[in-house]
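Take a look at the letters that make up each chain.
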Amino acid sequence: MALLSTTDFPHQIVETEGFAHKRIDLHSHTNCSDGTLTPQTLIDRAVNFQIDVLAITDHDTVAGLDIAQKYIEEQNISLKLINGIEISTAWQGFEIHIVGLNIDTNNDALKTLIEKQQQAREQRALSMGEKLAKCGFPDVYADAKEMAGEGSITRAHFAKVLHQQGHVNTMQQAFDKYIGKKGSKGQRAYVKPNWCSIEEAVQAIHHAGGSAVMAHPIRYDLTAKWLRRLIVHFSEVAGDGLEVVLPQMNPEQRRKMLAYCQEYNLHASMGSDFHYPNKWSDLGRNLTMPVGAKPVWAQWQ
């Protein structure tokens, strides 16, 4: 029988006696990065979707975690929040995302890396704004910065502004025409990020007592050969696990991800990568852990 997203979850994590039936989603975003919901509204949605264990994993920031935890305590919500983060890294010309789960947000090594990543984000945003200004859109950086508020500024903010200002018909078109990476140099306003290495991200997550999980391995537009190279490298730098389950993965993709976990002795994680409500993906949807997987939360006992 498959382990579902309503699987047994260790009592050390859910703070109940014994094992309990739980729905688990270990990848979600708030408006502290490129999600659309506030931490409070995300928690409300998780409750409505009967999620019992939720990780908030905003891009290169932990700003939403205290807000969410305070709200959970104030409203006496019986949801276990897992402290998380999604760190952008650079590998062989590709942007690879590493999720940190069950982290200590006060760890100095993690704080130092977050500061470095935020500086890289700001510099990239400034450069992107300059390029967009040359394309005839002078106010996009300021509006994107305002939209991001105190959270991490991302390309999604630029795409939203370009869409809102009527320069593109869809957010995806903003990436396709201006800020996305296609070919060797990218589109007109694309700026190569200066992210940390995978090893640096894994080390910082481990210093913070967490588990380092490669986010959505199937989404990196890699050939099978290059994906294996990536997973080998991730394993060699002591990465802990792969996201083997996402809402829109087909059975064959899940089988392949499980096989990689088994081959390289990696744990398995699952999450919706929720950013905003839509008909294709939502909190907890289609999260089924394959038989034979070692769940990442087994490391937290």
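**Q** Whenever I open this one, unusual backbone geometry confuses me. Can you help?
**A** The bulk of non-glycine residues show a negative phi, and the bulk of peptide bonds are trans. The residue N102 is not glycine, and still its phi comes out positive at about 60 degrees. Positionally, N102 belongs in the loop between β7 (94-101) and α4 (108-134). Positive phi outside glycine occurs at D273, with the angle close to 55 degrees. In this fold, D273 is placed in the loop between β11 (267-270) and β12 (288-289).

**Q** Sorry if this is basic, but what is going on with the pairing of strand β6 (residues 80-91) here?
**A** Along a regular strand, successive side chains alternate from one face of the sheet to the other. Along β6, nine of the 12 residues are buried, which leaves the element largely enclosed by surrounding structure. As judged from the four bridges shared by strand β5 (residues 53-56) and β6, these two strands associate in the parallel manner. Bridged to I56 within β6 is N83. As defined by bridge partners, β6 adjoins β7 across eight bridges and the pair is classed as antiparallel. Within β7, the residue paired with T89 across the bridge is I96. Between β6 and β7, which pair antiparallel in sequence order, lie two residues; one of them, Q92, sits at a positive phi of approximately 50 degrees. By the bridge criterion, two bridges tie β6 to strand β8 (residues 196-197) in an arrangement that is parallel. Bridge pairing in β8 places A90 opposite S197.

**Q** Is there a simple way to think about the layout of surface pockets in this case?
**A** Unoccupied space between atoms shows up once a probe the size of one water molecule is rolled over them. Looking at the largest pocket, its volume works out to about 1,900 Å³. The wall of the largest pocket is formed by 45 residues, among which H97, R155, Q172, F175 and R219 lie closest to the centre. Residue assignment for the lining of the largest pocket shows that the elements contributing at least two residues are β6, β7, α4, α6 (155-164) and α7 (171-179). Examining the composition of the lining of the largest pocket, we find that five residues originate from one element, β6, more than from any other. For the lining of the largest pocket, the residue count by class is 13 nonpolar, 17 polar and 15 charged.

**Q** Please explain the packing of aromatic side chains as it appears in this structure.
**A** The geometry of an aromatic ring pair comes down to the distance between the two centres and the angle between the two planes. Using the criterion set out here, one finds three aromatic pairs in the structure. Joined through ring pairs, the aromatic side chains of W91, F94 and W226 make up one cluster. The ring of W226 carries the charged tip of R229 above its face, separated from the ring centre by 4.5 Å.

**Q** Teacher, can you tell me more about the pattern of salt bridges here?
**A** A side chain with one charge can pair with a side chain of the opposite charge if their charged atoms come near. This structure, assessed with the given rule, holds seven salt bridges. Of the charged contacts, one joins K116 and E200 as a salt bridge, the two residues approaching to 3.1 Å between their closest N and O atoms. One end of the pair, K116, is in helix α4; the other, E200, is in helix α8 (residues 198-207), with 84 residues separating them in the sequence.

Calculation criteria
Residues numbered from 1 in each chain as written. Predicted model: local features only at pLDDT ≥ 70, side-chain atom pairs only at ≥ 80, totals over all residues. Heavy atoms only, no water. Helix = DSSP H or I, 4+ residues; strand = E, 2+ residues; numbered from the N terminus. Buried < 20%, exposed > 50% of the residue type's maximum accessible area, 1.4 Å probe, protein only. Pairing = 2+ DSSP bridges. 1 Å grid on protein atoms, 1.4 Å probe; cavity = no way out; pocket = protein on both sides within 12 Å on 5 of 7 lines; lining within 4 Å. Points joined across faces, edges and corners; volume = space filled by probe spheres on them. Nonpolar A, V, L, I, M, F, W, Y, C, P; charged D, E, K, R; others polar. Phe/Tyr/Trp six-rings, centres within 6.5 Å; stacked < 30°, edge-to-face > 60°. Lys NZ or Arg CZ within 6 Å of the ring centre and 35° of its normal. Salt bridge = Lys/Arg side-chain N within 4 Å of Asp/Glu carboxyl O.

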